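# An overview of the molecular structure
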Amino acid sequence: MNPYEPPKSQNPPVSFLNADTHPVTCPHCNEAFRGAPKKTFLGFQQYNCPACSQKFKYPLSRGYRITYWVLLLGSFVTMVNKPGAQPNLFTLLMAIAVISDLYLMWKRR
Ligand SMILES: [Zn+2]
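Right, let's walk through the structure included here. Predicted, not measured: the structure shown is a model, and the values here were computed from it. (Residues numbered from 1 in each chain as written. Predicted model: local features only at pLDDT ≥ 70, side-chain atom pairs only at ≥ 80, totals over all residues. Heavy atoms only, no water.)

## Some words on the layout of surface pockets
One number sums up the size of the largest pocket: a volume of about 160 Å³. Around the largest pocket, the lining residues are Thr25, Cys26, Pro27, His28, Lys55, Phe56, Lys57, Leu104, Lys107 and Arg108. At the level of secondary structure, the elements contributing two or more residues to the lining of the largest pocket comprise strand S5 (55-58) and helix H3 (89-107). With three residues, S5 is the largest single contributor of residues to the lining of the largest pocket. Split into classes, the residues belonging to the lining of the largest pocket amount to four nonpolar, two polar and four charged. Two domains each put at least three residues into the lining of the largest pocket: domain 1 (14-58) and domain 2 (61-109). (1 Å grid on protein atoms, 1.4 Å probe; cavity = no way out; pocket = protein on both sides within 12 Å on 5 of 7 lines; lining within 4 Å. Points joined across faces, edges and corners; volume = space filled by probe spheres on them. Helix = DSSP H or I, 4+ residues; strand = E, 2+ residues; numbered from the N terminus. Nonpolar A, V, L, I, M, F, W, Y, C, P; charged D, E, K, R; others polar. Domains from an automatic or database assignment.)

Right, dumping it as structure tokens:
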């Protein structure tokens, strides 16, 4: 037991609750709810629907999207400038992230 630990019975302030939850709509059953996303490996936001308990993903947040595009284009430029260079795992991951993101955005139109 850590005596310096603050008591856990207190409710967090409302602003804290709202900071991490987003209004989302479940693509499986169309239930609208507020949920806190779980970040998956590449930065996608994964939600659990409280109504049908299906998991679904949302596209990347803007910061992630820009970062991945810049990194992907950067490694393409490197490959073009160095003939014979093979795409590495890093480039592959960036490509997967960008393609999955485009797919998720396309699905949600
Ligand atoms: Zn649902």
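## Topic: the pairing of S5
Only one face of S5 is covered, namely the one carrying Phe56 and Tyr58; the face carrying Lys55 and Lys57 has none of its residues buried. Here four bridges tie strand S4 (residues 45-48) to S5, and the two strands are oriented antiparallel to one another. For asparagine 48, the partnering residue across the bridge sits in S5 and is lysine 55. In this antiparallel pair of consecutive strands, S4 and S5, the connection spans six residues, and serine 53 shows a positive phi of 50 degrees. (Buried < 20%, exposed > 50% of the residue type's maximum accessible area, 1.4 Å probe, protein only. Pairing = 2+ DSSP bridges.)

## Description of the coordination of the zinc ion
The protein atoms that coordinate the zinc ion are Cys26 (SG), Cys29 (SG), Cys49 (SG) and Cys52 (SG), at distances spanning 2.3 Å. Given four donor atoms and angles of 104 to 113 degrees at the metal, the environment of the zinc ion is assigned as tetrahedral. Of note, the donors binding the zinc ion are all from one chain and are spaced C-x2-C-x19-C-x2-C. (Donors = N, O, S within 2.8 Å, 3.2 Å for Na, K, Ca; no water. Tetrahedral: all angles 85-135°; square planar, octahedral: opposite > 155°, others 65-115°.)

## Overview of the nonpolar core
Formed by Leu42, Phe44, Leu60, Tyr68, Leu72, Met94, Ala97, Val98 and Leu104, the largest nonpolar core amounts to nine residues. Counting only elements with at least two residues in this core, the list comes to helix H2 (62-81) and H3. In terms of residue count, H3 provides more of this core than any other element does, four residues in total. Once residues lying within four places of it in the same chain are set aside, the contact partners of leucine 60 are Leu42, Gly43, Phe44, Arg65, Tyr68, Ala97 and Asp101. The next biggest cluster of nonpolar side chains, apart from the first, holds seven residues, and it includes Phe33, Tyr47, Cys49 and Tyr58. (Core = buried A, V, L, I, M, F, W, Y, C linked by side-chain atoms within 4.5 Å. Contact = heavy atoms within 4.5 Å.)

## So, a nonpolar patch on the surface
Nonpolar side chains collect at one region of the surface, where Trp69, Leu73, Phe76 and Leu102 lie side by side and expose about 370 Å² of accessible area between them. Residue position: leucine 102 is located in helix H3. (Patch = residues over 30% accessible without salt bridge, like charges linked within 9 Å, V, L, I, M, F, W, Y side chains within 5 Å. Areas by Shrake-Rupley, 256 points an atom, 1.4 Å probe, with all protein chains shown as cover. Salt bridge = Lys/Arg side-chain N within 4 Å of Asp/Glu carboxyl O.)

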